[in-house]
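Observations on the three-dimensional arrangement
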There are 4 protein chains.
Amino acid sequence: MDRNTFGNLLRLTTFGESHGRALGAIVDGVPAGVELSPDDLVPQLMRRRPGQSKITTARDEKDAPDILSGVFEGKTLGTPICVIIWNKDQRSRDYDPKFFRAGHADRTWEEKFGHRDYRGGGRASGRETAARVIGGAIAEKMLPDEVSIVGFTRQIGEHRAQDVPEDLDRDRVDQHATRCPDLEVAARIEEELLACKEQGDSRGGIVELWIDGLPIGLGEPVFRKIKNTLANAMMSVGAVVGCTLGDAAEDSTKSGFDFHAGKSGYGPEAGISPSANGIQGGISNGQRIRLLTYFKPASTVGEMSKKGRHDPCIVPRAIPVLESMAALVLADHFLEFQLNRLQDLDRF
Amino acid sequence: MDRNTFGNLLRLTTFGESHGRALGAIVDGVPAGVELSPDDLVPQLMRRRPGQSKITTARDEKDAPDILSGVFEGKTLGTPICVIIWNKDQRSRDYDPKFFRAGHADRTWEEKFGHRDYRGGGRASGRETAARVIGGAIAEKMLPDEVSIVGFTRQIGEHRAQDVPEDLDRDRVDQHATRCPDLEVAARIEEELLACKEQGDSRGGIVELWIDGLPIGLGEPVFRKIKNTLANAMMSVGAVVGCTLGDAAEDSTKSGFDFHAGKSGYGPEAGISPSANGIQGGISNGQRIRLLTYFKPASTVGEMSKKGRHDPCIVPRAIPVLESMAALVLADHFLEFQLNRLQDLDRF
Amino acid sequence: MDRNTFGNLLRLTTFGESHGRALGAIVDGVPAGVELSPDDLVPQLMRRRPGQSKITTARDEKDAPDILSGVFEGKTLGTPICVIIWNKDQRSRDYDPKFFRAGHADRTWEEKFGHRDYRGGGRASGRETAARVIGGAIAEKMLPDEVSIVGFTRQIGEHRAQDVPEDLDRDRVDQHATRCPDLEVAARIEEELLACKEQGDSRGGIVELWIDGLPIGLGEPVFRKIKNTLANAMMSVGAVVGCTLGDAAEDSTKSGFDFHAGKSGYGPEAGISPSANGIQGGISNGQRIRLLTYFKPASTVGEMSKKGRHDPCIVPRAIPVLESMAALVLADHFLEFQLNRLQDLDRF
Amino acid sequence: MDRNTFGNLLRLTTFGESHGRALGAIVDGVPAGVELSPDDLVPQLMRRRPGQSKITTARDEKDAPDILSGVFEGKTLGTPICVIIWNKDQRSRDYDPKFFRAGHADRTWEEKFGHRDYRGGGRASGRETAARVIGGAIAEKMLPDEVSIVGFTRQIGEHRAQDVPEDLDRDRVDQHATRCPDLEVAARIEEELLACKEQGDSRGGIVELWIDGLPIGLGEPVFRKIKNTLANAMMSVGAVVGCTLGDAAEDSTKSGFDFHAGKSGYGPEAGISPSANGIQGGISNGQRIRLLTYFKPASTVGEMSKKGRHDPCIVPRAIPVLESMAALVLADHFLEFQLNRLQDLDRF
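Source: prediction; values computed, not measured.

1. Quick word on the relation of the copies chain D and chain C
To go from the first copy of the chain to the second, apply a rotation about an axis and then a shift along the same axis. Note on the copies: chain D fits chain C at an RMSD of 0.0 Å, the axial shift is 0.0 Å, and the rotation between them is 180 degrees. Those values place the two copies in the arrangement expected of a two-fold rotation axis. For chain D, the minimum C-alpha distance to the rotation axis belongs to Asn232 of chain D and amounts to 2.4 Å. A share of 100% of interface residues in chain D that are also interface residues in chain C marks the association as one of identical surfaces.

2. Focus on helix α2 (residues 106–113) of chain C
For α2 of chain C, the buried fraction is high: six of the eight residues fall into the buried class. Restricting attention to buried positions, one finds in α2 of chain C the residues Asp106, Arg107, Thr108, Trp109, Lys112 and Phe113 of chain C. Against the buried residues of α2 of chain C lie β12 (279–280), β13 (283–284) and α10 (315–337) of chain D. Immediately downstream of α2 of chain C, the backbone of Gly114 of chain C shows phi near 75 degrees, a positive value.

3. Some details on the interface of chain D and chain C
Contact residues are listed per partner, giving 110 residues for chain D and 110 residues for chain C. Approximately 8,200 Å² of surface area, both sides summed, lies buried where chain D meets chain C, with 61% of it carried by carbon and sulfur atoms. On the surface where chain D and chain C come into contact, there are four salt bridges. Here Lys112 of chain C and Glu220 of chain D are joined by a salt bridge, their closest N and O atoms 3.0 Å apart.

4. Let's talk about the UniProt feature "binding site: FMN" (unreviewed entry) in chain A
In the numbering used here, UniProt assigns the "binding site: FMN" (unreviewed entry) feature to Arg123, Ala124, Ser125, Gly281, Lys296, Pro297, Ala298, Ser299, Thr300 and Arg309 of chain A. If you trace the backbone, Ala298 of chain A turns up in the loop between β14 (289–295) and α9 (303–306). Looking at Ala298 of chain A, the relative accessible area reads 11%, which means it is buried. For Ala298 of chain A, the residues in contact, after removing those within four places along its chain, are Ser202, Arg203, Asp311 and Pro312 of chain A together with His260 of chain B. The residue Thr300 of chain A is located in the loop between β14 and α9 in this model. Once residues within four sequence positions are removed from consideration, Thr300 of chain A is found in contact with His104, Ser305 and His310 of chain A.

5. Some thoughts on helix α3 (residues 129–142) of chain A
Since the α-helix packs 3.6 residues into each turn, any two residues three or four apart lie on the same face. All names here are of chain A. Its 14 residues place the ends of α3 20 Å apart at the C-alpha level, agreeing with the 20 Å of an ideal helix rising 1.5 Å per residue. Counted residue by residue, α3 has twelve buried out of 14 residues, so it is predominantly covered. Tucked into the core, α3 has its buried residues touching β2 (11–15), β3 (22–28), α1 (38–48), β7 (81–86), α6 (226–235) and α10 (315–337).

6. Section: empty space enclosed by the protein
Residues and elements named next belong to chain C. As enumerated under the stated definition, the model contains nine cavities of 30 Å³ or more in all. Computed from the structure, the second largest cavity encloses a volume of approximately 80 Å³. Lining of the second largest cavity is provided by 13 residues; of these, Trp109, Arg116, Asp117, Gly121 and Gly122 occupy positions nearest its centre. Of the residues in the lining of the second largest cavity, the class split is five nonpolar, three polar and five charged.

7. Description of the state of the cysteines
Residue and element names in this part refer to chain D. By the definition in use, this model includes zero disulfides over all chains. Cysteine Cys196 remains unbridged, with the sulfur of Cys313 as its closest cysteine sulfur at 8.2 Å. A relative accessible area of 1% means that Cys196 is categorised as buried.

8. Focus on the sheet that holds strand β1 (residues 5–6) of chain C
Residue and element names in this part refer to chain C. With antiparallel pairing, five strands are arranged side by side in an open sheet as β1-β2-β3-β7-β4. Across the chains shown, the open sheet's two edge strands, defined by having one partner strand only, are β1 and β4 (66–67). The pairing of β4 with strand β7 (residues 81–86) spans two bridges and is antiparallel. Pairing of Ile67 across the sheet is with Val83, part of β7. Where helix α3 (residues 129–142) meets the sheet, it contacts β2 (11–15), β3 (22–28) and β7, and its direction lies at approximately 30 degrees from that of β3.

9. Looking at the interface of chain B and chain A
Taken residue by residue, the interface counts 110 residues in chain B and 110 residues in chain A. Residues Arg3 of chain B and Glu220 of chain A are paired through a salt bridge, measuring 3.4 Å at the closest nitrogen-oxygen approach. The interface formed by chain B and chain A includes 54 residue pairs in polar contact (both at pLDDT 80 or more). In terms of residues, the side of chain B that touches chain A owes the most to one element, helix α2 (residues 106–113) of chain B, which gives seven residues. Tallied by class, residues from the side of chain B that touches chain A come to 42 nonpolar, 42 polar and 26 charged. Alignment of strand β11 (residues 240–245) of chain A against strand β11 (residues 240–245) of chain B, held across three bridges, turns out to be antiparallel. Opposite Thr244 of chain A, over in β11 of chain B, you have Gly242 of chain B as the bridge partner.

10. Quick word on the sheet that holds strand β2 (residues 11–15) of chain D
All names here are of chain D. A sheet is described by the order of its strands in space; here five strands give the open sequence β1-β2-β3-β7-β4, paired in antiparallel fashion. At either margin of the open sheet sits one strand with a lone partner, and together these are β1 (5–6) and β4 (66–67). Looking at chain direction, β1 and β2 are connected through two bridges and run antiparallel. The residue bridging Phe6 from the neighbouring strand is Leu12, located in β2.

11. Quick notes on the pairing of β7 of chain A
Residue and element names in this part refer to chain A. Counting buried positions over the six residues of β7 gives five, a clear majority of the element. Where β3 lies against β7, six bridges are found, and the strand directions are antiparallel. In the sheet register, Ala22 faces β7, and the bridge partner there is Trp86.

12. Concerning the packing of aromatic side chains
Counting across every chain of the model gives 26 aromatic pairs over all chains. Note on Trp109 of chain A and Phe113 of chain A: the rings are 5.0 Å apart at their centroids and 45 degrees apart in plane angle, and the pair reads as tilted. Highlighted residues: Trp109 of chain A and Phe113 of chain A, both in helix α2 (residues 106–113), separated by four residues, approximately one helical turn. Overall, Phe113 of chain A belongs to the buried group, its relative accessible area being 2%. When the ring of Tyr118 of chain A is compared with that of Phe72 of chain D, the centres are 5.4 Å apart and the planes differ by 80 degrees; the resulting orientation is edge-to-face. Here Tyr118 of chain A, found in the loop between α2 and α3, pairs with Phe72 of chain D, found in strand β5 (residues 71–72), and the two come from separate chains. Across from the ring centre of Phe113 of chain B, 5.8 Å away, lies the NZ or CZ of Lys112 of chain B, which sits over that ring. In this structure, Arg288 of chain D is placed above the aromatic ring of Trp210 of chain D, and the distance from its NZ or CZ to the ring centre is 3.9 Å.

Cut-off values and rules
- Residues numbered from 1 in each chain as written.
- Chains lettered and ligands numbered in written order.
- Predicted model: local features only at pLDDT ≥ 70, side-chain atom pairs only at ≥ 80, totals over all residues.
- Heavy atoms only, no water.
- Least-squares fit on C-alpha atoms with pLDDT ≥ 70 in both.
- Contact = heavy atoms within 4.5 Å.
- Buried < 20%, exposed > 50% of the residue type's maximum accessible area, 1.4 Å probe, protein only.
- Helix = DSSP H or I, 4+ residues; strand = E, 2+ residues; numbered from the N terminus.
- Buried area = accessible area lost by both parts, 1.4 Å probe.
- Salt bridge = Lys/Arg side-chain N within 4 Å of Asp/Glu carboxyl O.
- UniProt positions renumbered as here; feature names shortened; annotations may be inferred.
- Expected span 1.5 Å × (residues − 1).
- 1 Å grid on protein atoms, 1.4 Å probe; cavity = no way out; pocket = protein on both sides within 12 Å on 5 of 7 lines; lining within 4 Å.
- Points joined across faces, edges and corners; volume = space filled by probe spheres on them.
- Nonpolar A, V, L, I, M, F, W, Y, C, P; charged D, E, K, R; others polar.
- Disulfide = S-S within 2.5 Å.
- Pairing = 2+ DSSP bridges.
- Axes fitted to C-alpha atoms, helices over the stretch in contact; angles between N-to-C directions.
- Polar contact = N/O pair within 3.5 Å; in protein donor to acceptor, adjacent residues only side chain to side chain.
- Phe/Tyr/Trp six-rings, centres within 6.5 Å; stacked < 30°, edge-to-face > 60°.
- Lys NZ or Arg CZ within 6 Å of the ring centre and 35° of its normal.

Here it is in structure tokens:
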């Protein structure tokens, strides 16, 4: 029963309470021979961590990853990789065990378990996602070089990026603290979030992921389609309230004639649909997957928020988390991909 | 590796090609003692099947369910329940193995497996969902009486239901062939779909599910939250391109002050948020879960569609399929619910 | 929760009560492109079925396998393969729901489930193993040609085969109804079993499996070692009370000097131990795996046995069942074998 | 793909190389509210660790368990429990990467993974079992008080305990360093092992487990019978070469009349068989489970052994490991036990 484990052949288990001794990740299913060092984990952890800019929380989490197992002489062993991040900035005195915050997991968790770590949300804290970023960074090392996963802020509040360059990469996304690549819109978002911070207000938004470089054929029918495994991954992140392939809200209003532009017919090019956003029959079609993930406004508002240790909008910091979840899903599908055709099983 | 199996403690395996000998379902994990007969399976199968009205395809699938195992003297045995539906209306002569339909799984499936049943999509056919409806009908028998799952057409094309009664049930939904409970909007949808049928055009839309009567506490942190297990279920259905908790596209634009209306504080009522759409920290909060599922326009358009064996819009017939997937998810969470507190484990 | 499903990447689900409508198997995880027809399933089903000789029960089960899905134009599709065997010879009038047979599952099953199919043991019947033989026959089609799995009667009662030819195959095993390849011992066993039949007595014994032709490297540390997955498979069969790698009862008494004959050292030959019976560190070492499986005396004795529909010893008929379970385990390990080294993942 | 994870609802993941930074365990599936502290883990870790007596290795592993997550204010949270043991005594200079030891995993591991931690066997080391003992100690905290699991040395070399008191407990077992409760036999074993140590010879043997206090009804048909889950657990331990329910080697030679003493018939007592060793139809029958686990002679013999850091026989130290594996299996079955009858599901 995989409450705290994600994935099929590549498996991430996360553990640790936000104000406990440590949090960590076990990644199992990585083949032997993948080069891996703590340095591979740091970049995405840095992109996720609080305190990166004036629009994020002032909490300072160092999040230095400590690899305890599964790597030897710089390469993976094919055994479970355990990575720990020690908790330092705990401040548990801020928390009152009998106070239940609206919009949070306090009440439901209490009713479910009868006993909970009330300090900062325990495992319901966003801090748990640091372990996912570790898992994602390891998964990315397994992906072919031509695969890229790039997320960016498509929308925060009512401000929606219009002008997004086709050749986006993570550096370009990081040019603005909002991670919105439409810099004009980014400026408006930043202004709004600063105002939110002052007022104790919050905002939601949309992260868009672009996944490029996939071959045709990833995804297992019928219950491990690439679209539901991705949606499952995204929706498992706190504050996420929706996940759509392309802009489903808009696409669902279109006529079939307008929407379906692909060519039916004979020959190697036939049957691929540009409107499919990269997935047909649940299987990758070799084109870009466009995935939109929707966030509700951050739950901590008012006086509680003004104390200053909460983001007015988690969308920018959530981007590496979603990229990580996507990387885990894709690396898993690449492993599964080995198993589908008799002629591909070299040793059979 | 659960390609064709759905669920955790309650497990549905579906099998069968659309034009093969039969399709079927194995449901494992149902406790002993649940009353079950083929009559329990018929209503939702009837709601799913083609040929129900002038706006659906003329194919006539009888879909009479045949229970082969797991039931004895009218009650489940706690053993796997196998249910078969024999295929009759096969017409495989319509299909050309070298022709790849756009918007379908033909090409991706061919590239993935190298060998496929090209007759009607094989397992990528919507016909596979009949097995899901069988699973869902069995799962519903396990749910407490106070739980209800009702889906309806929120939108087809650009027509969106505005006026939906709070006390909706399936009979009420079925009063109109479109399954849109706003009858004024329903009439406009019907008109549009009849026009589509004539022109070979198609439409997408949105199914909204209301899940009522849940206790507080369903859903397992962190990777089996009720929200991601539901999204996973919905997105595993063909033609589904998105799933959101409430109207995420709209909610993601709101300010936190407007969105979050719940009361933080002390005592048994505190910490529940009406804006949470029934889920906090991934766990049910005892309120209605509102789930929206987005469909792209049906993929078969133009001359191929006019031949008359395709729905111009699958939204109405998809409703029992989505209800079934939700029932499977919820029955599974009810089983898991038994396992979380030492004091609830009677025999420990 | 895999109560009725066996395996990891290759998964066999069995269903059906012994006196219900049908019993069957779903095999999922078979790659596309494996040639398969009902004729591939018949030989082992014939070797398992009752009524083969005067020393087995007179029940006549035809066991003609009906493939409902997963195969198209003579090859597997990569989708679930469902195979059904219809029940015909039911005679449920023989059974009394309130009578609990010693040595059987009647009482424990009643206490566990509260509701059971008391006719012939339901799913606790040996008849369930027909579905395993179907699974095993499919698994064997996936194995490389050089792999062979041959089981034979090593012992029945106190009669133990001494003289067993090294180049044993299934035809040779089948030369005698007892499946004991030491024909002198076989004759004594037959005589004893005929006496048992007359008296209503029964015997247990030992099946020995020889698995040859494996490469070095099958088996996943630490909880999917080849030795525990094989033992798990064997011990899941009714009436089996033990499973040992080689003759463990004897080996456990030896001195290390006598037992360990292998050469430690340098170079490609070093480190392989003949005394390991084919498994080192849980991983195949390229040599023969010798596996002994112990059966208790058949449970039906006395008057009940004399009615004539019970084997005095199930060892001979159990051989194809154990071979099938071993084939499932090995085919699964062959699939897993693809996933361990980065350099073997062609598409990474 | 659960290479390094054991169990179904209660899941133990072990990680760590024997000469790496640390080894550890994640236990997931423990309900909230179980009292747990490091002190609960120490006793069995102490019983497992080397250097306990003159007949064991002189290596000194402190094995102090460090609980990193899942416990708060002395009770489990229902979240993953991570426990670490730091490695100190590494001495990796003793190991030569190109030298392959016979009887060990060196060669098979090298062939399988291409890259391995050659220092002391990596994860193939017996040291990995410390993590299993942690898991087992946690599992024991979940078991009802009336359940007891006691293992003892039934045999080492050719010396077999004859006189074993019925009311054995762990303290009594520990009265002699050999853990053989027949003290006369124990003395002979000790003498023989001291001679082995001097000569560099080694011995195997048999551990017998007695499991008492189980209710009727544990074990899930057909692939999670209590007998195959126990055998799977035992056979996953290094150096184990067999597992039998009772003395299968002996029982397999008996006549059915002699073996089957239980009463068939009507009424609440009927159908229970004393000869079943506690399991009928794969399900516990409320009587003692007697399980024998066979060990081959320890693999390190000759000069390598005389260097003094190897046990001449691992049987005595393996006892807490086997008890731990059994506890994990049983606690898992107790969780599954909740799910089988509709009337037992309180919230349905």
